[in-house]
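Here is what each chain is made of, one letter per residue.
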Amino acid sequence: RSNTPLQALHLANDPAFVEFADALGKRIESEGPKDDAGKVAFAFRVCFSREPSAAETSRVLQYVEAQRNAKAKAPWAAVGRVLLNLDEFITRE
């Protein structure tokens, strides 16, 4: 399982995927639980129809914290961009 660099760059910067990620981030914030770990679990259920592993939850929480420390205006949209660009999302097997 992998993405080619060209595929990853295209999807990360495609205007449609940016809009999808923004909408996903807003949905995570509005429909997800109040706590960050709950929001991560909600995002995984929406994107992959499964619960995240402990390692996945930890990594996403670290990413959210890094986005907040960088003063990102929409940290959950950034998470959405990451999740939408994963091979598991792009190719359902």
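What counts and what doesn't
- Residues numbered from 1 in each chain as written.
- Predicted model: local features only at pLDDT ≥ 70, side-chain atom pairs only at ≥ 80, totals over all residues.
- Heavy atoms only, no water.
- Salt bridge = Lys/Arg side-chain N within 4 Å of Asp/Glu carboxyl O.
- Helix = DSSP H or I, 4+ residues; strand = E, 2+ residues; numbered from the N terminus.
- Buried < 20%, exposed > 50% of the residue type's maximum accessible area, 1.4 Å probe, protein only.
- Patch = residues over 30% accessible without salt bridge, like charges linked within 9 Å, V, L, I, M, F, W, Y side chains within 5 Å.
- Areas by Shrake-Rupley, 256 points an atom, 1.4 Å probe, with all protein chains shown as cover.
- Axes fitted to C-alpha atoms, helices over the stretch in contact; angles between N-to-C directions.
- Parallel < 35°, antiparallel > 145°, perpendicular 65-115°, else oblique.
- Left-handed = near helix turned anticlockwise from the far one by under 90°.
- Contact = heavy atoms within 4.5 Å.
- Nonpolar A, V, L, I, M, F, W, Y, C, P; charged D, E, K, R; others polar.
- Expected span 1.5 Å × (residues − 1).

A. Spatial organisation of the pattern of salt bridges. Taken as a whole and assessed by the stated rule, the structure comprises five salt bridges. For Glu31, the salt bridge is made with Arg27, and the minimal N-O distance between the two is 3.1 Å. With Glu31 and Arg27 both in helix H2 (residues 15-31), this residue pair falls four residues apart, about one helical turn. By relative accessible area, which is 48% here, Glu31 ends up partly exposed.

B. Structural view of a nonpolar patch on the surface. On the surface, Tyr63, Val82 and Leu86 cluster together to form a nonpolar patch covering roughly 220 Å² of accessible area. Mapped onto the fold, Val82 is located in helix H5 (residues 75-84). For Val82, a relative accessible area of 38% gives the class partly exposed.

C. Just the packing of H2 against H5, in detail. Running from amino to carboxyl end, H2 crosses H5 at an angle of 125°, the nearest separation of the two axes being 7 Å. With respect to each other, H2 and H5 are oriented oblique. The handedness of the crossing between H2 and H5 comes out as right-handed. Every residue of H5 that contacts H2 at Phe17, Val18, Phe20, Ala21, Asp22, Leu24, Gly25, Ile28 and Glu29 is listed here: Trp76, Ala77, Gly80, Arg81 and Leu84. Residues that form the contact of H2 with H5 fall into these classes: nine nonpolar, two polar and three charged.

D. Local environment of helix H3 (residues 36-48). Relative to the 18 Å expected for 13 residues at 1.5 Å per residue, H3 spans 18 Å between its end C-alpha atoms, a close match to the ideal helical length. Along H3, the positions that sit buried rather than exposed are Gly38, Lys39, Val40, Ala41, Phe42, Ala43, Phe44, Cys47 and Phe48. Tucked inside the fold, the buried residues of H3 contact H2, helix H4 (54-69), H5 and helix H6 (87-90). Within two residues after H3, Ser49 carries a phi angle of roughly 55°, on the positive side.

None of this, on its own, says anything about what the molecule does.
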